[in-house]
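# A structural walkthrough
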Amino acid sequence: MTAREIGGVAVPEVPTQLFIGGEWRDAANDATFDVVAPAYEQHLATVAAAGAEDVDAAVRAARAQSDGGAWAQLTPADRGLLLFRLADLIERDIELLATLEGFDVGRPAYEPRLVDLPNVVDVFRHFAGWADKIEGRWITPLPFFGQQRQAYTIREPVGVVGAITAWNAPTLIAAWKLAPALAAGNTLVLKPAEDAPLSTLHLAKLIEEAGFPAGVVNVIPGLGATAGAALVAHPGVDKVSFTGSPEVGREVGIQAARDFKRVTLELGGKSPQIILADADPAAVVPGVAIGLWANQGEVCAAGTRILVARERYDDVVAGLADAARAVSLGDPFDAGTTMGALINARQLDRVTGYIAQGREQGAELVAGGERPERPGYFVQPTIFAGGDADIGIARDEIFGPVGLVRSFDDVDDAIAQANDTRYGLAAYVWTRDISKAHQVAARVRAGSVWINGGAPPDPRTPWGGMRSSGVGRELGWAGIEANTEEKTVTLTL
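What comes next concerns the included structure. This is a predicted model, so every value here is computed, not measured.

### Some thoughts on the overall build of the protein chain
Helix and strand content of the protein chain: 16 helices and 22 strands. By the compact-globule yardstick of 23 Å for 493 residues, the protein chain fits well, its C-alpha radius of gyration being 23 Å. In terms of overall dimensions, the protein chain has C-alpha extents of about 70 × 65 × 40 Å along its principal axes. Counting every position in the protein chain, which comprises 493 residues, the buried fraction comes to 56%. Put simply, of all contacts in the protein chain between residues at least 6 apart along the chain, 73% involve residues at least 24 apart. Looking at the protein chain as shown, the accessible area adds up to about 18900 Å², and 52% of this sits on carbon and sulfur atoms. If the 43 positive side-chain charges of the protein chain are averaged to one point and the 62 negative ones to another, these points end up 5 Å apart.

In structure tokens:
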């Protein structure tokens, strides 16, 4: 990428080729695709677009390292040292990576700088520490025809992991897939989202600088319908890890099942924020607003269904309306900006379409709902109130800054409304009663529940959903289990 400025900010130089077998190369058929900076609606980069031939080369490079290559011969402790080194390099380049995400994703650059990227460093350091601590179990089976037996298990790498990431938090989601898989000894072929591939390409550069053996991690930007589909279908891939929509995730799961590949699917959500009667609206509204609008609402766990005890309903609606009007839409690199642009024109059309639908279907528009007159894919943070539980803005993941506030009569009603969804990724509970908090957390059907606040998933805790929000878990010990096979060895004594 040629050094230049957009909006008065220098665009960092990043490789725009494929990274296969430790080499930067053009696509086999010289195909490319364009990346647009969503906050400016300007061309950002032209990137090599992997095809089936490139995917095959990447899988073969990963397989060579998995099956007896230098990576397979490294001790677990040495794998951990490489992960620690990569974490240090990411920490060194946090400002550069934050700038890339400001351009690439359109979000305020302070968000990845202060939230996502420190978490990325933590993810790699956490799993670096696991690399030499992955152990099996000792088991005593029953005697067999009078002979005593002992057994033990070994956790072995799954093999080659095909990882496909989303555009909303590209570096963070890549870390969730890379770190546990590498700690467990796997190799990877990583396809970043075509709308925001640049920070992942810089991550590949850091992997190269850290000294990982060539072919351990291969990064193949490209279109989902070509590179993504070829990666999922490739017979040399042992596991597919995908983050995206339920519709695409279903097709990934079906294709992977044909070869009995392992899958981890994180497929978004329609997360409830439950505000109980004892909560102080003035105290909780700022946190509720962050859970609704962070990263323009383009967050899998965004709390877009705000369920409020009836006696607190009016205060919460008014508080969120004020919070919406206080948001400053603008350039990702302006100090006063608190919300950036949506990722592309399609997403803008999707979000504004849901806003129009909410009006038509009877919800009350309390704040926002308009597109500002300026370049970029911007839409105002939007709050609806009331409406039927079956309207689109109450049921569908919009993936934008649109929230719906509805009331409940008691805790049973709140739980019923919270669970009335096809999703089950996350939920939030706001209360000063710790007993009620635990009771509600136990009854909500979601993979993660936050009480009185939210944050990116900690690498020490499992992350994933249920129902249409996906299959399997990333992070925590669950992330190690998801990237290993358990082999049993039995001895007759």
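### Some words on the pairing of strand 14 (residues 272-275)
Side chains Pro272 and Ile274 project from strand 14 onto one buried face, and the interleaved Gln273 and Ile275 project onto a second face that is buried too. The sheet contact formed by strand 14 and strand 15 (residues 305-309) spans four bridges and is parallel. Following the sheet pairing, Ile275 is matched in strand 15 by Val308. Considered for its hand, the β-α-β crossover made up of strand 14, helix 10 (residues 281-293) and strand 15 is right-handed. In this structure, strand 14 lies alongside strand 19 (residues 426-430), joined through three bridges in parallel fashion. Bridged to Ile274 within strand 19 is Val429.

### Some remarks on the pattern of salt bridges
Taken as a whole and assessed by the stated rule, the structure comprises 32 salt bridges. A salt bridge links Arg262 to Glu485; its shortest N-O distance comes to 3.0 Å. A residue pair is termed long-range when its members are at least 10 positions apart, and Arg262 in strand 13 (residues 262-266) and Glu485 in strand 22 (residues 484-492) qualify at 223 residues. Glu485 sits in the partly exposed class, given a relative accessible area of 37%. The network of salt bridges with shared partners includes Glu101, Arg107, Glu111 and Asp116.

### A look at the sheet that holds strand 7 (residues 138-139)
Spatial ordering of the open sheet is given by 7-8-22, a layout of three strands whose pairing is antiparallel. Each end of this open sheet is capped by a strand with a single partner; those strands are strand 7 and strand 22.

### Topic: helix 3 (residues 76-92)
In a regular helix each residue adds 1.5 Å, so 17 residues correspond to 24 Å; helix 3 covers 25 Å between its end C-alpha atoms and thus fits that length. Among the residues of helix 3, Arg79, Gly80, Leu82, Leu83, Leu86, Ala87, Leu89 and Ile90 are the ones counted as buried. Where helix 3 is buried, its residues contact helix 2 (70-73), helix 4 (94-105), helix 5 (110-130), helix 6 (170-183) and helix 7 (198-210).

### Quick word on the packing of helix 3 against helix 5
Their axes nearest at 8 Å, the elements helix 3 and helix 5 cross at an angle of 170°. Comparing their axes, helix 5 and helix 3 come out roughly antiparallel. Crossing of helix 3 over helix 5 shows left-handed handedness. Facing helix 3, whose interface residues are Gly80, Leu83, Phe84, Leu86, Ala87, Asp88, Ile90 and Glu91, helix 5 presents Val120, Val121, Phe124, Arg125, Phe127, Ala128 and Gly129. By residue class, the composition of the contact of helix 3 with helix 5 is ten nonpolar, two polar and three charged.

### Quick look at the sheet that holds strand 19
Reading across the sheet, the seven strands line up as 16-17-18-15-14-19-20 and stay open at both edges, with mixed pairing between neighbours. Lying at the two open borders of the sheet, with one neighbouring strand each, are strand 16 (364-367) and strand 20 (448-451). Within this sheet the neighbouring strands show an average axis-to-axis angle of 25°, counted without direction. Helix 11 (residues 313-326) rests against strand 14, strand 15, strand 16, strand 17 (382-385) and strand 18 (402-408) of the sheet, and its axis sits at about 55° to strand 16. Lying on the sheet, helix 14 (residues 411-418) is in contact with strand 14, strand 15 and strand 18; it crosses strand 18 at an angle near 145°.

### Overview of the nonpolar core
Grouped together as the largest cluster of nonpolar side chains are 102 residues, with contacts concentrated most on Phe124, Leu178 and Phe212. A per-element tally of this core places helix 6 first, with ten residues. The residues contacting Leu178, other than those within four sequence positions of it, are Phe124, Leu188, Leu190, Leu203, Ile207 and Val217. Core analysis: the next-biggest nonpolar cluster, separate from the first, contains 24 residues, Ala62, Ala230, Leu231 and Leu265 among them.

### Quick word on helix 4
Here helix 4 spans 16 Å end to end across twelve residues, near enough to the 16 Å set by a 1.5 Å rise per residue. Across the twelve residues of helix 4, ten count as buried, placing the element largely inside the fold. Of all the positions in helix 4, only Ile94, Leu97, Ala98, Thr99, Leu100, Glu101, Gly102, Phe103, Asp104 and Val105 are classed as buried. Downstream of helix 4 by a residue or two, Gly106 has a phi angle that is positive, lying close to 90°.

### What to know about the environment of Val11
Following the sequence through the fold, Val11 ends up in strand 2 (residues 9-11). On the basis of relative accessibility, which here comes to 4%, the residue Val11 falls in the buried class.

### What to know about the environment of Val47
Of note, Val47 is situated in strand 6 (residues 42-48). Linking Val47 and His438, residues 391 residues apart in sequence, is a C-alpha distance of 48 Å. What Val47 contacts, discounting residues up to four positions off in sequence, is Thr16, Ala31, Thr32, Phe33, Val35, Pro197, Leu198, Leu201 and Pro221.

### Let's talk about the packing of aromatic side chains
Summed over the entire model, instances satisfying the criterion amount to eleven aromatic pairs. Ring geometry for Tyr40 against Phe103: centres 6.1 Å apart, planes inclined by 40°, an arrangement best described as tilted. In this pair, Tyr40 sits in the loop between strand 5 (32-37) and strand 6 while Phe103 sits in helix 4, placing the two residues 63 residues apart along the sequence. Note on Tyr40: relative accessible area 12%, which makes it buried. Centroid distance Trp167 to Phe399: 5.4 Å. Interplanar angle 80°. Geometry classified as edge-to-face.

Parameters and conventions
Residues numbered from 1 in each chain as written. Predicted model: local features only at pLDDT ≥ 70, side-chain atom pairs only at ≥ 80, totals over all residues. Heavy atoms only, no water. Helix = DSSP H or I, 4+ residues; strand = E, 2+ residues; numbered from the N terminus. Rg over C-alpha atoms; globule rule 2.2 N^0.38 Å. Buried < 20%, exposed > 50% of the residue type's maximum accessible area, 1.4 Å probe, protein only. Contact = heavy atoms within 4.5 Å. Areas by Shrake-Rupley, 256 points an atom, 1.4 Å probe, with all protein chains shown as cover. Lys, Arg positive; Asp, Glu negative; His and termini not counted. Charge placed at Lys NZ, Arg CZ, Asp CG, Glu CD. Pairing = 2+ DSSP bridges. Right-handed = clockwise from strand over helix to strand, strands pointing away. Salt bridge = Lys/Arg side-chain N within 4 Å of Asp/Glu carboxyl O. Expected span 1.5 Å × (residues − 1). Axes fitted to C-alpha atoms, helices over the stretch in contact; angles between N-to-C directions. Parallel < 35°, antiparallel > 145°, perpendicular 65-115°, else oblique. Left-handed = near helix turned anticlockwise from the far one by under 90°. Nonpolar A, V, L, I, M, F, W, Y, C, P; charged D, E, K, R; others polar. Core = buried A, V, L, I, M, F, W, Y, C linked by side-chain atoms within 4.5 Å. Phe/Tyr/Trp six-rings, centres within 6.5 Å; stacked < 30°, edge-to-face > 60°.

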